There are 2 protein chains.
Amino acid sequence: MHVLILGAAGMIGRRLTAELVAAGRVGNDPLTGLTLVDVVPPERPRGFDGAVRVEAADLSRPGAAAAALTERPGIVFHLAAVVSGEAEADMDLGYRVNLDGTRLLFEAIRTLSESEGYRPRVVFTSSLAVFGQPLPPVIGDDFIPAPASSYGVQKAMGELLLADYSRRGFLDGIGLRLPTICVRPGKPNKAASGFFSGILREPLAGLPAVLPVPDTVRHWFASPGAATGFLLHAAGLDLSDLGTRRTLTMPGISVTVAEEIEALRRAAGESAVALIRREPNPVIMRIIETWPEAFDTRAANALGFVADASFDAILARHIAESQRS
Amino acid sequence: MHVLILGAAGMIGRRLTAELVAAGRVGNDPLTGLTLVDVVPPERPRGFDGAVRVEAADLSRPGAAAAALTERPGIVFHLAAVVSGEAEADMDLGYRVNLDGTRLLFEAIRTLSESEGYRPRVVFTSSLAVFGQPLPPVIGDDFIPAPASSYGVQKAMGELLLADYSRRGFLDGIGLRLPTICVRPGKPNKAASGFFSGILREPLAGLPAVLPVPDTVRHWFASPGAATGFLLHAAGLDLSDLGTRRTLTMPGISVTVAEEIEALRRAAGESAVALIRREPNPVIMRIIETWPEAFDTRAANALGFVADASFDAILARHIAESQRS
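All residue numbers refer to positions counted from 1 along the written sequence of the respective chain. Going through the entries in the order they are written, you letter the chains from A and number the ligands from 1. Residues qualify for local features only when their pLDDT is at least 70, as the model is predicted, and side-chain atom pairs are given and counted only at 80 or more; totals for whole chains, interfaces and linings, by contrast, use all residues. Each side-chain value is worked out from all heavy atoms of the structure, with water and hydrogens disregarded.

Participant: Got a sec to walk through the UniProt feature "domain: NAD-dependent epimerase/dehydratase" (unreviewed entry) in chain A? Specific residues and values, please.
Facilitator: Under the feature "domain: NAD-dependent epimerase/dehydratase" (unreviewed entry), the UniProt entry names residues 3–207 of chain A. For helices the rule is a DSSP run of H or I covering at least 4 residues; for strands it is a run of E covering at least 2, with both sets numbered from the N terminus onward. Structurally, residues 3–207 of chain A is divided into 39% helix and 20% strand, and its ends, taken at the C-alpha atoms, are 39 Å apart. UniProt positions are given in the numbering used here, feature names are shortened, and annotations may be inferred rather than shown by experiment.

Now the structure itself:
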């Protein structure tokens, strides 16, 4: 099975590539080749004997999607996107990449489907940003996507296209709304959600961290390993019973900031917790308080998607992985 | 107030034009001018002293939307669409007109908004076709749009764009998901829903009609007058409390085919009912049984949208209007 990863240079794309290569297979098939595409050239994976093509390309340019499909990948992971803040700041860029890029990809697949019967599995990453206020405390699979950002609108439109192109038989698509990734590896960033990981990652590395919101804030999390696990699980599923609801909210762990801090205390003691400085930030608070707190993900559960076991398990996994790298 | 109607030659567009001209006003403002656009040239309204421009144009062509906005209409009724069956049979045409045409319109408004602060009220007609199986018996305002047709997907994408362009302040939009129109005037057509009107309209004119589904089929209806009433009401509303949920399912009457026939019996007697011939059609039945039966429209109710009083009232209105025309 040849696999295409669009957005292969991102945090999830890099981890997904490494896990595919380590497993040597995808679903029930041996991994025979990889096409890795991103706007910056993705790294060539080490220790893989199959065919690898690495390409820097912008999917919203004419012909880019067709070129990415040269090897007729049986599985397409479509992770490529302009992130939320950027899509809000540059409306044209967000619509061009997140909407037009996705539509051009699906149209390129349709062209091959009509000419030669090509019909790949497409795994599309959507986002909790499709949901907007007012929200119930627990959001079910039937709840209306009503985004409060252009990024959320573009992802919701991608979900609709994925369902229509699947219904018409051009591709066999599944969309995954990933929980907020925690603990996100790497350096602190400017994202409004950054502190959810920062208050764990920085103290664990002996560094100070800022907490801009009250301890009572609750949110929905998955580890990086759970997120790539969802993508790999989605690649091998039988989707024939999904009907037109092709995008599923992924299971996660709903915890408060206070519970995050208690997990940190259990894992690394009082001295780590003491590195968190409370610095209330009304701007971040106003953004965060519109976000979802918890989901009832029974459609995903029924398909065998499984959340991290606990927030302690999320933290333990992060500690083990930081020590390895 | 200058008013633009896109899709002015259609059944709803013609009626809306006539009602605007008859009222001489829209919301709290006098009607000063009309721009009427459709792919076929709309009729010039009689008895109106204001400025009228009539144009045949395809909104999905470059420049067509900007030309339609020449008079900077304070209200834009966007009714233009390729209908469901056509959008399903010709995928490219449906996406070009229903998605790209809508997006080009909103982009043309955005251009004027950024250059000169233009910000019209946009009243967009969406459809119950945004909803797909599985459906609850009564569908609330929070229920997920998961369309089972390309037309439904295109309308749901239009709803999302309307919300995003409204949130960003380029336009002040409201979308209306209209109930199935009954009694639809004119000749029988090939639409799967045609019989809902046909079993009333034809017998009332002394003509036979075919009923292809069981009497137990239940659906959601509004009279043509209620539908144009919703559009006119939407034109004058204060929408500042709507948030990102800019599209509302309109109130209707939920009745079964049996209840339709009882209303016909009360209005026109046994001889009219005897003109209905039962001819079960499994193809039509399979389509109809995926359709919604009833809605809880409290968001629309709270904004003062009011359904027809009863199915008898729908029928009485049709009879009165047919005698006038």
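Picking up after the structure, the text goes on.
Participant: Tell me what's going on with helix α6 (residues 194–204) of chain B, and back it up with residues and numbers.
Facilitator: All names here are of chain B. Accessible area is worked out with a 1.4 Å probe on protein chains only. A residue is then buried under 20% of its type maximum, exposed over 50%, and partly exposed in between. When you tally the buried positions in α6, you get 10 out of 11 residues, the bulk of the element. Within α6, burial applies to G194, F195, F196, S197, G198, I199, L200, R201, E202 and P203. Phi turns positive, to about 80°, at G206, one or two residues after α6.

Participant: Requested: an account of the relation of the copies chain A and chain B, with residues and values cited.
Facilitator: When chain A is fitted to chain B, the residual RMSD is 0.0 Å, and the transformation amounts to a turn of 180° plus an axial shift of 0.0 Å. Such a combination of turn and shift is consistent with a two-fold rotation axis. Relative to the rotation axis, the closest C-alpha in chain A is found at I144 of chain A, a distance of 2.0 Å. Only heavy atoms enter the contact rule, under which two residues are in contact if any of them lie within 4.5 Å. In this assembly, 100% of the residues forming the interface of chain A have copies in chain B that are likewise at the interface, indicating an isologous arrangement. When the copies are superposed, the least-squares fit takes in the C-alpha atoms of residues with a pLDDT of at least 70 in both.

Participant: Quick rundown of the packing of α6 of chain B against helix α12 (residues 311–324) of chain B? Include the residues and the values.
Facilitator: Residues and elements named next belong to chain B. For every element, the axis is a line fit to its C-alpha atoms; helices are fit only across the contacting stretch, and the angle between N-to-C directions ranges from 0 to 180 degrees. Relative to each other, α6 and α12 sit at 45°, their axes nearing to 11 Å. By the angle class used here, α6 and α12 are oblique. As for the relative orientation of α6 and α12, their crossing is right-handed in sense. Contact residues: L200, R201 and L204 in α6; F311, L315, H318 and I319 in α12. Oblique is the label for any angle not under 35 degrees, not over 145, and not in the 65 to 115 range, which are roughly parallel, roughly antiparallel and roughly perpendicular in turn. Take the far helix as your reference; a near helix turned counterclockwise from it by less than a right angle gives a left-handed crossing, and one turned clockwise gives a right-handed crossing.

Participant: Help me get a handle on the packing of aromatic side chains, residues and values and all.
Facilitator: Within 6.5 Å between ring centres, the rings of Phe, Tyr and Trp (the latter by its six-membered ring) count as paired, and their orientation is classed by plane angle as stacked under 30 degrees, edge-to-face over 60, tilted in between. For the structure on display, the rule yields 20 aromatic pairs over all chains. Summarising the aromatic geometry, the rings of F131 of chain A and F295 of chain A are spaced 5.6 Å apart at their centres and angled 50° between planes, so their arrangement reads as tilted. Of this pair, F131 of chain A sits in the loop between β7 (121–127) and α5 (150–167) while F295 of chain A sits in the loop between α9 (282–288) and α10 (298–302), and the two are 164 residues apart along the sequence. In this structure, F131 of chain A and F295 of chain A share a single accessibility class: buried. Clustering of aromatic rings is evident, with ring pairs tying together Y95 of chain A together with F106, Y165 and F170 of chain B.

Participant: Please provide a residue-by-residue account of the sheet that holds strand β13 (residues 253–256) of chain A, values included.
Facilitator: Residues and elements named next belong to chain A. Should DSSP find at least two bridges between two strands, the strands are taken to pair. The mixed open sheet is built from three strands, whose spatial order is β9-β11-β13. Strands with a single pairing partner mark the edges of an open sheet, and in this sheet they are β9 (180–181) and β13. In the sheet, strand β11 (residues 218–222) pairs with β13 via four bridges, with the strands oriented antiparallel. Bridge pairing in β13 places F221 opposite I253.

Participant: Tell me about the side chain of S126 of chain B, residues and numbers included.
Facilitator: Residues and elements named next belong to chain B. With respect to the helices and strands, the residue S126 is situated in strand β7 (residues 121–127). Polar contact is the term for a pair of N or O atoms within 3.5 Å; when the atoms are in protein, one must be able to donate a hydrogen and the other to accept it, and sequence-neighboring residues count only if both atoms are side-chain atoms. In this structure the side chain of S126 is engaged in a polar contact, spanning 2.7 Å, whose partner is the side chain of E159. Every residue in contact with S126, bar those within four places of it in the chain, is listed here: K155, E159, L176, R177, L178 and T247.

Participant: Describe the interface of chain A and chain B, and please don't skip the residues or the numbers.
Facilitator: Each partner contributes to the interface: chain A provides 36 residues, whereas chain B provides 36 residues. Summed over both partners, the accessible area (1.4 Å probe) lost when two parts come together is defined as the buried area. Both faces considered, chain A and chain B share a buried interface measuring about 3,100 Å² in area, 53% of it formed by carbon and sulfur atoms. For this document, the term salt bridge refers to a Lys or Arg side-chain nitrogen within 4 Å of an Asp or Glu carboxyl oxygen. Linking chain A with chain B are eight salt bridges. Linking R110 of chain A and D92 of chain B is a salt bridge whose minimum nitrogen-to-oxygen distance equals 2.8 Å. Taken together, the links from chain A to chain B amount to 26 residue pairs in polar contact (both at pLDDT 80 or more). At the level of elements, α3 (84–89), α4 (91–116) and α5 of chain A are the ones that each hand at least two residues to the side of chain A that touches chain B. When residues in the side of chain A that touches chain B are grouped by element, the largest group, nine residues, is from α5 of chain A. Here the term charged refers only to Asp, Glu, Lys and Arg, the term nonpolar to Ala, Val, Leu, Ile, Met, Phe, Trp, Tyr, Cys and Pro, and the term polar to all other amino acids, Gly among them. Of the residues in the side of chain A that touches chain B, the class split is 18 nonpolar, five polar and 13 charged.

Participant: Quick rundown of empty space enclosed by the protein? Include the residues and the values.
Facilitator: A 1.4 Å probe that fits into a set of points on a 1 Å grid over the protein atoms alone but cannot get out defines a cavity; an open set with protein on both sides within 12 Å along at least five of seven lines defines a pocket, and lining residues are those with an atom within 4 Å of a point. Grid points are joined across faces, edges and corners, and a volume is the space filled by probe spheres set on the points. This model, assessed by the stated rule, comprises one cavity of 30 Å³ or more. Lining the largest cavity are 26 residues, and of these P145 and L160 of chain A together with P145, A156 and L160 of chain B lie nearest its centre. Counting residues per element, the ones that place at least two in the lining of the largest cavity are α5 of chain A together with α5 (150–167) of chain B. Considering only residue class, the lining of the largest cavity consists of 14 nonpolar, four polar and eight charged.

Participant: I'd like a rundown of unusual backbone geometry, residues and numbers included.
Facilitator: Residue and element names in this part refer to chain A. Here the bond from Q133 into P134 is cis, since omega is -5°, no more than 30 degrees from zero. Looking at the element boundaries, P134 is found in the loop between β7 and α5. Cis peptide bonds are those with omega within 30 degrees of zero, and the linkage from C182 to V183 qualifies with 5°. By secondary structure assignment, the location of V183 is in the loop between β9 and α6 (194–204). Backbone geometry at R72 places phi at a positive 50°, although glycine is not the residue there.

Participant: Explain α4 of chain A to me, using residue names and the numbers behind them.
Facilitator: All names here are of chain A. Expected helix span is given by 1.5 Å per residue-to-residue step, counting one fewer step than there are residues. Across its 26 residues, α4 extends 36 Å between first and last C-alpha, which sits within 8% of the 38 Å expected from 1.5 Å per residue. Bend is the name given here to the angle between axes fitted to two runs of seven residues, the run ending at a residue and the run starting at it. In α4, a bend of some 30° at D100 exceeds every other bend along the element. Phi turns positive, to about 75°, at G117, one or two residues after α4.

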